[in-house]
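Chain residues, written in single-letter form:
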Amino acid sequence: MKPIRLKNLYETHCKDIPHEPGVYFVMAPAHMEISFLAAPGNTGAAGYDVKVLEKKYACCGNKNLLYIGKAAGKRGLRQRILQYMKYGWQEGVNHKGGRAIWQIAGAENLLLTWEVCQNAAAREHQLLAEFKNQNGTYPLANWRG
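The structure reproduced in this document is the subject of the present report. (Residues numbered from 1 in each chain as written. Predicted model: local features only at pLDDT ≥ 70, side-chain atom pairs only at ≥ 80, totals over all residues. Heavy atoms only, no water.)

## Some thoughts on the overall build of the chain
Part 1: Counting secondary structure elements, the chain contains 4 helices and 4 strands.
Part 2: Since a compact globule built from 145 residues should have a radius of gyration of about 15 Å, the 14 Å found for the chain is in line with a globular shape.
Part 3: Considering only C-alpha atoms, the chain reaches an extent of 35 × 35 × 30 Å along its principal axes.
Part 4: Classification of the 145 residues of the chain by burial places 46% in the buried group.
Part 5: Considering only residue pairs separated by 6 or more positions, the chain has 80% of its internal contacts joining residues 24 or more positions apart.
Part 6: Carbon and sulfur atoms provide 50% of the accessible area of the chain, an area that totals close to 7500 Å². (Helix = DSSP H or I, 4+ residues; strand = E, 2+ residues; numbered from the N terminus. Rg over C-alpha atoms; globule rule 2.2 N^0.38 Å. Buried < 20%, exposed > 50% of the residue type's maximum accessible area, 1.4 Å probe, protein only. Contact = heavy atoms within 4.5 Å. Areas by Shrake-Rupley, 256 points an atom, 1.4 Å probe, with all protein chains shown as cover.)

In structure tokens, the structure reads:
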């Protein structure tokens, strides 16, 4: 699956995302410098302290993969990723997971891809455990596995 810019997903209302369950990944393009905003645009949840985000990001061995999320609900990936996009564009408050993404300057240019799988929760747990084993911490916007 070719990664899609977050802005494009938002503008198309995630129309190309399948309705099946699965996991999704938010990544930084290779050329993008990561810096953090003091607060996310969405006031549905408190932002993280910039120093905490900078420290966590500095500790990540893999600075490209920023978030691993799951979509295990009835409407699968499309519904969950659409909730995520709406949260980032201040149109919803029902997706606080991975909210550190929205404190990245230029977050609209980040990329998202996905993997369809029937047991999204188990797959997410597996991917997070593998990431932590390889990198010493979870991805930037994941705080627990």
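## Quick look at unusual backbone geometry
Part 1: One non-glycine residue, C14, adopts positive backbone phi at about 60°.
Part 2: Among the structural elements, C14 can be located in the loop between α1 (6–11) and β2 (22–27).
Part 3: For C14, a relative accessible area of 0% gives the class buried.
Part 4: Positive phi, normally seen in glycine, also occurs at Q90, with a value near 60°.
Part 5: On the secondary structure map, Q90 appears in the loop between α3 (76–88) and β4 (111–116).

## Considerations on the packing of aromatic side chains
Part 1: With the rule as written, the count across this model stands at 8 aromatic pairs.
Part 2: Judged by centre distance (5.9 Å) and plane angle (65°), the rings of Y24 and Y67 are edge-to-face. With a gap of 43 residues between them, Y24 in strand β2 and Y67 in strand β3 (residues 65–71) connect regions that are remote in the sequence.
Part 3: Take Y24: its relative accessible area is 0%, and that puts it in the buried class.
Part 4: Take Y67: its relative accessible area is 7%, and that puts it in the buried class.
Part 5: On the numbers, 5.4 Å between centres and 55° between planes, the contact of Y84 with W102 is tilted. Taken together, the residues Y84 in helix α3 and W102 in the loop between α3 and β4 connect sequence positions 18 residues apart. Residue Y84 shares its accessibility class with W102, and that shared class is buried.
Part 6: What links up through ring pairs into an aromatic cluster is the set Y10, Y24, Y67, Y84, W89 and W102.
Part 7: The ring of W143 has K56 lying over it, and the distance from NZ or CZ to the ring centre is 4.0 Å. (Phe/Tyr/Trp six-rings, centres within 6.5 Å; stacked < 30°, edge-to-face > 60°. Lys NZ or Arg CZ within 6 Å of the ring centre and 35° of its normal.)

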